[in-house]
Amino acid sequence: MGIKIKIAALAISILVIGGCGSNNSKPNEEMDHSTMNQDMEEMDHSSMDQDMMGNDHMSHDEVVSLNNSTGENELKIPSMLERDNEEGVVYTVRAQKGKTEIFDGVETNTYGYNGTFLGPMLRFDKGDTVKIRTINELDEETTFHWHGLEVSGDVDGGPHNSLKPGEEKVIEFEVAQEASTLWFHPHPEGKTAEQVYNGLAGLIYIEDDNSKGLGLPNDYGKNDIPLIFQDRTFDDEKQLNFSAVLNDDGTIGDTLLINGTLNPMLTVNKEKVRLRLLNGSNARNYTFKLNTGDSFVQIATDGGFLNEPVALKEITLTPSERVEIVVDFSQLNTTIDLALINEDGSILLPFEVSDQSGKISRIPGEMNNFSLTEEEMEMPVTKKVELFGMMDQVTINGKKFDAERIDFTQQQGVTEVWEIYNKPDMMGGMIHPFHIHGTQFKIISRDGKEPPENERGWKDSISIKPDERVKIAIQFKHKGVYMFHCHILEHEDNGMMGQVKVE
Ligand code: C2O
Ligand code: CU
Ligand code: CU
């Protein structure tokens with residue numbers, strides 16, 4: 001009976017997805033809920049498996065494509081947050097509501113940090129002691145989560161660190177990790193997807209002696225450009241009506257905003273330009289490439305520099321993943337229109353290349369000393385994570401999130417190997433971007449094989465395909481209770497999250 005109920009629920013889910021069908025999408029339109037339900041209930045597990053998987057007709061990955069950017073608006077660059085003069089408090093970050101002119105002459109209701117939409121960039125140096133006064137000016141609870149930051153559980157901003165409307169709290173931590181591009185966003189239990197969708201997200205840059213000495217492009221907003229990719233659906237009034245467009249398998253939209261800019265374009269000099277890409281979308285995956293097919297160079301993963309630059313023609317980012325890439329505009333044919341495009345060809349960011357030659361920066365052959373040791377590679381798996389399901393039926397190790405339940409314990413400072421498996425469902429399953437709080441980890445293997453060159457660096461989020469098994473070496477430097485979860489925010493809100501207690 002349990003299985004039948006699930007199948008019925010899945011059947012409804014299939015109908016809800018709608019746009020998901022590929023070579024066989026007709027039945028979606030012709031079948032109504034009730035007949036579909038009936039059919040499914042009568043089917044037994046095995047015939048269902050065969051029917052659904054054999055034809056491969058329900059691919060979760062086919063989603064509405066993005067409208068091309070017309071390039072009519074210069075890309076907005078988030079401001080760098082000034083430090084406070086106030087004794088003892090270094091930064092103030094407030095979550096607030098507001099109205100933002102995303103479309104000309106129209107006010108859209110949005111959320112933002114220290115502004116009406118998105119947030120400023122926080123720049124830390126390795127070794128800094130950072131104090132942040134966090135203030136909740138929303139009408140609902142929120143948290144301030146520092147994604148990718150190695151901090152103790154009590155300041156990590158998970159669902160246990162919730163601030164009520166009007167509340168504020170000063171947190172303090174030491175920045176001890178290497179140069180990287182991290183981000184921050186809210187994490188209230190069951191409400192993360194909507195708050196991020198409404199605009200709560202900001203960037204963190206960590207710099208260190210290494211990053212400052214490498215000679216890479218580092219002129220913020222000039223040749224060191226953050227790109228926060230978020231897809232949205234706007235209603236007829238140009239509002240973000242989350243509950244109206246909510247999809248339990250991940251809310252997607254046809255309209256791309258980069259750094260909150262609609263129809264963005266970026267003006268660059270004829271020089272090497274460093275792009276820090278963040279997939280800040282609730283659910284959409286992107287595969288970025290240049291429209292000319294030219295290659296670019298990846299220099300960093302989520303948590304730091306690669307040892308060596310890796311030349312690529314395209315790079316896929318699932319939600320919450322970051323990469324830093326360098327595009328050398330002095331080497332590209334600028335007599336044709338250049339743009340960053342998505343896998344399906346939609347234009348994400350047209351480039352306008354000015355005649356100026358810009359700065360001389362370089363991409364050094366050696367950037368870091370990341371290593372995966374022999375010992376780590378041979379350690380036995382001590383924690384297993386099984387990701388399963390879709391829509392509101394998502395689970396980790398067969399369970400849904402329970403704030404009162406600790407799923408794993410791990411000793412502070414001790415490396416363990418976690419194995420994460422994405423168990424396919426009857427429809428084949430879908431990619432789940434898996435994220436762990438409070439640390440950066442190393443990928444040991446994907447399905448027993450060495451990870452690709454551009455994943456041989458610190459990661460805090462990892463894309464896992466259906467039926468894929470990934471081994472990671474992970475150590476926590478601090479104590480506390482940390483979340484691990486799918487970073488499709490609706491999956492997270494639907495309970496695809498667990499807790500590890502580090503003691
Ligand atoms: Cu981006 Cu639980 O985090
Ligand atoms: Cu996180
Ligand atoms: Cu998921």
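See the structure printed just above.
Residues numbered from 1 in each chain as written. Chains lettered and ligands numbered in written order. Predicted model: local features only at pLDDT ≥ 70, side-chain atom pairs only at ≥ 80, totals over all residues. Heavy atoms only, no water.

## Observations regarding unusual backbone geometry
1) Next: Despite not being glycine, Ser 320 shows a phi value in the positive range, around 85 degrees.
2) Next: Mapped onto the elements, Ser 320 comes out in the loop between β18 (314-317) and β19 (322-328).
3) Next: Given a relative accessible area of 0%, Ser 320 falls into the buried group. (Helix = DSSP H or I, 4+ residues; strand = E, 2+ residues; numbered from the N terminus. Buried < 20%, exposed > 50% of the residue type's maximum accessible area, 1.4 Å probe, protein only.)

## So, the pairing of strand β8 (residues 180-185)
1) Next: Where burial is concerned, most of β8 is hidden: 6 out of the 6 residues are buried.
2) Next: Of the two faces of β8, the one lined by Ser 180, Leu 182 and Phe 184 and the one lined by Thr 181, Trp 183 and His 185 are each fully buried.
3) Next: Relative to β8, strand β6 (residues 145-147) runs antiparallel, the two sharing 3 bridges. Of the residues in β8, the one forming a bridge with His 145 is His 185.
4) Next: In the sheet, β8 pairs with strand β9 (residues 202-207) via 5 bridges, with the strands oriented antiparallel. Following the sheet pairing, Thr 181 is matched in β9 by Tyr 205. (Pairing = 2+ DSSP bridges.)

## Brief notes about the coordination of the copper ion (ligand 2)
1) Next: Here the copper ion (ligand 2) is held by the protein donor atoms His 145 (NE2) and His 435 (NE2), which lie 1.9 Å from it. With a gap of 290 residues between them, His 145 in strand β6 and His 435 in strand β26 (residues 432-436) connect regions that are remote in the sequence. Side by side, His 145 and His 435 carry an identical accessibility label, which is buried. (Donors = N, O, S within 2.8 Å, 3.2 Å for Na, K, Ca; no water.)

## Focus: the coordination of the copper ion (ligand 3)
1) Next: Coordination of the copper ion (ligand 3) by the protein is provided by His 432 (ND1), Cys 486 (SG) and His 491 (ND1), with metal-donor distances spanning 2.0 to 2.2 Å.
2) Next: When the donors of the copper ion (ligand 3) are listed by position in the chain, the intervening gaps give H-x53-C-x4-H.

## Side note on the sheet that holds strand β11 (residues 255-258)
1) Next: With mixed pairing, 7 strands are arranged side by side in an open sheet as β12-β11-β10-β14-β19-β16-β17. Both edges of this open sheet fall to β12 (261-262) and β17 (304-312), since each of them pairs with a single strand only.
2) Next: Examined bridge by bridge, β11 and β12 share 2 bridges and lie antiparallel to one another. Paired with Ile 258 across the bridge in β12 is Thr 261.

So far we have only geometry, and geometry alone does not tell us how the molecule works.
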